[in-house]
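Examination of the molecular architecture
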Amino acid sequence: MEAPAAPHGPAEPTAADITVNSPEEMKELGRKLAKLLRAGDLVMLSGELGAGKTTLARGLGEGLGVRGAVTSPTFVIARVHPSLGDGPPLVHVDAYRLGGGLDEMEDLDLDVSLPESVIVVEWGEGKVEELTDDRLRIVIHRAVGDTTDEVRHVTLTGLGTRWATVDASVFSA
């Protein structure tokens, strides 16, 4: 994995661009990112079908040390993975089937879970931003079409005061 990153001032979002060459590297990125996460963090994952969102979430779960295999929650919408240690639980949400904004997600009680959990939302753009101004937005770009190309370009953007002091170089450390 390579990550050219430039530090940003506190008024600008913290950002990094990372090239990931395999599913195992995507999972490893998740494990590394998990070291930065704490209760109250919202992580939004975006990208085409098959981009690696769930693979990254699996790495986050491993890095956070949570119970249960992190798999795509497409048909159940959300899964809670309790911590096996003293860390926060992981709430993994797939908002693909949900049409509107936070109103349609209200039954999930994400606003109640957020203070004590790390919430990871796949397909959350335009749906969960109202939960908090502080969030980590991760966009995974992949080649589209009939290709077996495993290379992914991952853009991480930390928004809000929670991420303003995080040096973007730690995303690749």
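From a predicted model like this one, the values you see are computed outputs, not experimental measurements.

We now examine the packing of helix α1 (residues 23–34) against helix α2 (residues 53–64). Taken N-terminus to C-terminus, the directions of α1 and α2 make an angle of 45 degrees; their axes are 7 Å apart at the nearest point. With respect to each other, α1 and α2 are oriented oblique. Here α1 and α2 pass one another in a crossing that is right-handed. Judged by residue contacts, P23, M26, K27, L29, G30, R31, L33 and A34 of α1 engage T55, L56, R58, G59, L60, E62, G63 and L64 from α2.

Turning our eyes to something else, we now look at the pairing of strand β6 (residues 135–142). By the bridge criterion, five bridges tie strand β2 (residues 42–47) to β6 in an arrangement that is parallel. Bridging from a neighbouring strand, L45 pairs with I138 of β6. Relative to strand β7 (residues 152–159), β6 runs antiparallel, the two sharing eight bridges. Bridging across to β7, H141 finds its partner in H153.

With that settled, the discussion passes to the pattern of salt bridges. Opposite charge on two side chains permits pairing when their charged atoms draw close. What the rule picks out here adds up to five salt bridges. Among the ionic pairs, E62 bridges to K27, the shortest N-O distance being 3.6 Å. Placement of the pair is E62 in helix α2 and K27 in helix α1, with a sequence separation of 35 residues. The exposure class of E62 is partly exposed, given its relative accessible area of 40%. With a relative accessible area of 19%, K27 lands in the buried category.

Analysis parameters
Residues numbered from 1 in each chain as written. Predicted model: local features only at pLDDT ≥ 70, side-chain atom pairs only at ≥ 80, totals over all residues. Heavy atoms only, no water. Axes fitted to C-alpha atoms, helices over the stretch in contact; angles between N-to-C directions. Helix = DSSP H or I, 4+ residues; strand = E, 2+ residues; numbered from the N terminus. Parallel < 35°, antiparallel > 145°, perpendicular 65-115°, else oblique. Left-handed = near helix turned anticlockwise from the far one by under 90°. Contact = heavy atoms within 4.5 Å. Pairing = 2+ DSSP bridges. Salt bridge = Lys/Arg side-chain N within 4 Å of Asp/Glu carboxyl O. Buried < 20%, exposed > 50% of the residue type's maximum accessible area, 1.4 Å probe, protein only.

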